[in-house]
Amino acid sequence: MSGDSDCTRTSPSAGSPSDNELLPDRPKYVCTLSPDLVTKAREELQEKPEWRLRDVQALRDMVCKDYPSLGTCLDDAFLLRFLRARKFDYDRALQLLVNYHTCRRTWPEVFTNLKPSAIKPVLESGFVTVLPHRDPQGRHVVCIRPDRWTPSNYPITENIRAIYLTLEKLIQSEETQVNGIVILADYKGVSLSKASHFGPFVAKKVIGILQDGFPIRIKAVNIINEPRIFKGIFAIIKPFLKEKIANRFFLHGCDLNSLHQNIPPVILPEEYGGTAGKLDISAWNELLLASEEDFLHDFSELVLQCDSSPHDLLVSGDADEKQCDDSLRGMKPQLYYCY
């Protein structure tokens, strides 16, 4: 289903029965938020239940008017993700939606053939998983362990694909759309050679997606067991971080008590001083792999049209790559110094 046909069909010409017959039957939105989360969404996200569908229609109309070739899904539930992520600011939500598609177009190594079965080796390695229990604020904890990655087995982009699909699965939940997520990154055993794969080009792309190209609220990033080399990694990342996000980074070193101040032990596995048993990656892997058909259907509607004009794209991939290659040459000495 192309965005062009979708936009066209939402405004059929008067007195045209054939057009009316072709109107797509959009899934009727049914709110799944608890009363407490409805209140939280109203207070934190400016979401008013009585205006919710009006706001979704306003965003849909803006897409059809300004980006008729975007090739996006226009269902209520899908567009609502972008409104919530930008506190129901129409213009910012539209920008986020366009960024979402631009990221998918300008990084084919990540977004081509993107489905759970394609990143099964990454899932089996335990590089990324989601803890089984939410934190007291109702947020899922995404656990990332770079030491589980062997660069000779597959490129770093496979790890990014696995993280992206994990976020896509999580954001399907309205609870997560409102509460956001927490990241726990364990950098134990990360060497200089492994860190060198995460240069400025990759860093800028990933941060661009997380900050401006994906409808999810990252409420905290907890770094644990970071080696000295992480100073160099963070030096690469920090210039691309907005101040609000940078302030949500917490570096704990090997201090589990410090980590427990942000994530309670009751939801953490034994590996991080918690009481929730051994870290088990199988449940999340099974859930994600079982979603294969859902992803194939959802992503089939997210095809950015090849005839999109330069106005539709917010960044130039070639320009970014050149700029980041220049930055990498300047950062490498810093990495070696920190190591």
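This structure is a prediction, so every number in the text was calculated from the model and none was measured.

### Describing the overall build of the protein chain
Argument step 1. On a plain count of helices and strands, the protein chain comes out with 18 helices and five strands.
Argument step 2. For the protein chain, with 339 residues in total, the buried portion stands at 50%.
Argument step 3. For the protein chain, restricting intrachain contacts to residue pairs at least 6 apart in sequence, the fraction spanning at least 24 positions comes to 77%.
Argument step 4. With the model as given, the accessible surface of the protein chain reaches about 16,300 Å², and the carbon-plus-sulfur share is 53%.

### Focus on the nonpolar core
Argument step 1. Trp107, Ile181, Phe214 and Leu241 are the most contacted members of the largest nonpolar core, which totals 75 residues.
Argument step 2. The residue makeup of this core includes at least three contributed by each of domain 1 (35-106) and domain 2 (113-291).
Argument step 3. Counting residues in each nonpolar core, the second largest holds 13 residues, with Ala220, Ile224, Ile263 and Ile267 among its members.

### Overview of the packing of helix α4 (residues 52-66) against helix α6 (residues 90-106)
Argument step 1. Taken N-terminus to C-terminus, the directions of α4 and α6 make an angle of 55°; their axes are 10 Å apart at the nearest point. Taken together, the axis directions place α4 and α6 in an arrangement best described as oblique. For α4 against α6, the interelement crossing comes out right-handed. Together, Arg54, Asp55, Ala58, Leu59, Met62, Val63 and Asp66 of α4 and Tyr90, Asp91, Ala93, Leu94 and Leu97 of α6 make up the contact between the two elements.
Argument step 2. Tallied by class, the residues present in the contact of α4 with α6 amount to eight nonpolar, no polar and four charged.

### Observations regarding the sheet that holds strand β4 (residues 218-224)
Argument step 1. Strands sit in the order β1-β2-β3-β4-β5 across an open sheet of five strands; the sheet is mixed. In this open sheet, the two edge strands, each paired with only one partner strand, are β1 (128-130) and β5 (249-251). Going across the sheet, the axis of each strand differs from the next one's by a mean of 20°, ignoring polarity.
Argument step 2. Two elements, strand β3 (residues 181-186) and β4, share six bridges in a ladder whose sense is parallel. Bridge pairing in β4 links isoleucine 183 to valine 221.

### What to know about α6
One full turn of an α-helix is made of 3.6 residues, so residues set three or four places apart face in the same direction.
Argument step 1. Helix length check: α6, at 17 residues, gives a terminal C-alpha distance of 24 Å against a target of 24 Å (1.5 Å per residue), a fit within 8%.
Argument step 2. Where α6 is concerned, the buried positions are Ala93, Leu94, Leu96, Leu97, Val98, Asn99, Tyr100, His101, Thr102, Cys103 and Arg104.

### Comments concerning the environment of glycine 180
Argument step 1. Positionally, glycine 180 belongs in the loop between α10 (174-179) and β3.
Argument step 2. In this structure the C-alpha to C-alpha distance between glycine 180 and leucine 170, which are ten residues apart in sequence, comes to 9.4 Å.
Argument step 3. In this view, glycine 180 contacts Arg139, His140, Glu175, Arg217 and Lys219; residues no more than four positions away in its chain are not counted.

### Looking at the packing of aromatic side chains
The description of an aromatic ring pair rests on the distance of the ring centres and on the angle between the ring planes.
Argument step 1. Across all of its chains, the model carries eight aromatic pairs by this definition.
Argument step 2. Aromatic pair tyrosine 100 and phenylalanine 214: ring centres 6.1 Å apart, planes at 45°, arrangement tilted. With tyrosine 100 in helix α6 and phenylalanine 214 in the loop between α12 (200-212) and β4, this pair connects stretches of sequence that are 114 residues apart.
Argument step 3. A residue is classified by how much of its surface remains accessible, and tyrosine 100, at 1% relative accessible area, is buried.
Argument step 4. Accessibility expressed as a relative area gives 0% for phenylalanine 214, which makes it buried.
Argument step 5. Centroid distance tyrosine 164 to phenylalanine 214: 5.2 Å. Interplanar angle 75°. Geometry classified as edge-to-face. Placement of the pair is tyrosine 164 in helix α9 (residues 156-170) and phenylalanine 214 in the loop between α12 and β4, with a sequence separation of 50 residues. As far as burial versus exposure is concerned, tyrosine 164 and phenylalanine 214 are alike and both buried.
Argument step 6. For arginine 54, the ring lying beneath its charged end belongs to tryptophan 51, and the centroid distance is 4.4 Å.

### Things to note about the confidence of the model for the protein chain
Predicted coordinates in regions of low pLDDT should not be interpreted in detail.
Argument step 1. Across the protein chain, the average pLDDT comes to 85, with 81% of residues at 70 or higher.
Argument step 2. Taken together, the stretch residues 1-5 has pLDDT below 50 and engages in nine contacts with residues farther than four places along the chain or on a different chain.
Argument step 3. Note that residues 8-23 has pLDDT below 50 and, in this model, eleven contacts with residues that lie over four places away or in other chains.

### Comments concerning the pairing of β4
Argument step 1. Counted residue by residue, β4 has six buried out of seven residues, so it is predominantly covered.
Argument step 2. Judged from the three bridges that link them, β4 and β5 form a sheet pairing that is parallel. When the sheet's bridge partners are listed, valine 221 is paired in β5 with phenylalanine 249.

### Quick notes on unusual backbone geometry
Argument step 1. One non-glycine residue with positive phi stands out, namely lysine 87, at about 50°.
Argument step 2. Take lysine 87: it is sitting in the loop between α5 (76-85) and α6.
Argument step 3. In this structure, asparagine 113 is a non-glycine residue whose phi angle is positive, near 55°.

### A look at the packing of α9 against helix α16 (residues 282-289)
Argument step 1. Where α9 meets α16, the axes come as close as 11 Å, and the angle between the chain directions of the two elements is 80°. With respect to α16, the element α9 is oriented roughly perpendicular. Contacts from Leu165, Thr166, Lys169 and Leu170 in α9 reach Trp284, Leu287 and Leu288 in α16.
Argument step 2. Class assignment of the residues belonging to the contact of α9 with α16 gives a composition of five nonpolar, one polar and one charged.

What counts as what
- Residues numbered from 1 in each chain as written.
- Predicted model: local features only at pLDDT ≥ 70, side-chain atom pairs only at ≥ 80, totals over all residues.
- Heavy atoms only, no water.
- Helix = DSSP H or I, 4+ residues; strand = E, 2+ residues; numbered from the N terminus.
- Buried < 20%, exposed > 50% of the residue type's maximum accessible area, 1.4 Å probe, protein only.
- Contact = heavy atoms within 4.5 Å.
- Areas by Shrake-Rupley, 256 points an atom, 1.4 Å probe, with all protein chains shown as cover.
- Core = buried A, V, L, I, M, F, W, Y, C linked by side-chain atoms within 4.5 Å.
- Domains from an automatic or database assignment.
- Axes fitted to C-alpha atoms, helices over the stretch in contact; angles between N-to-C directions.
- Parallel < 35°, antiparallel > 145°, perpendicular 65-115°, else oblique.
- Left-handed = near helix turned anticlockwise from the far one by under 90°.
- Nonpolar A, V, L, I, M, F, W, Y, C, P; charged D, E, K, R; others polar.
- Pairing = 2+ DSSP bridges.
- Expected span 1.5 Å × (residues − 1).
- Phe/Tyr/Trp six-rings, centres within 6.5 Å; stacked < 30°, edge-to-face > 60°.
- Lys NZ or Arg CZ within 6 Å of the ring centre and 35° of its normal.
- pLDDT = per-residue confidence, 0-100.

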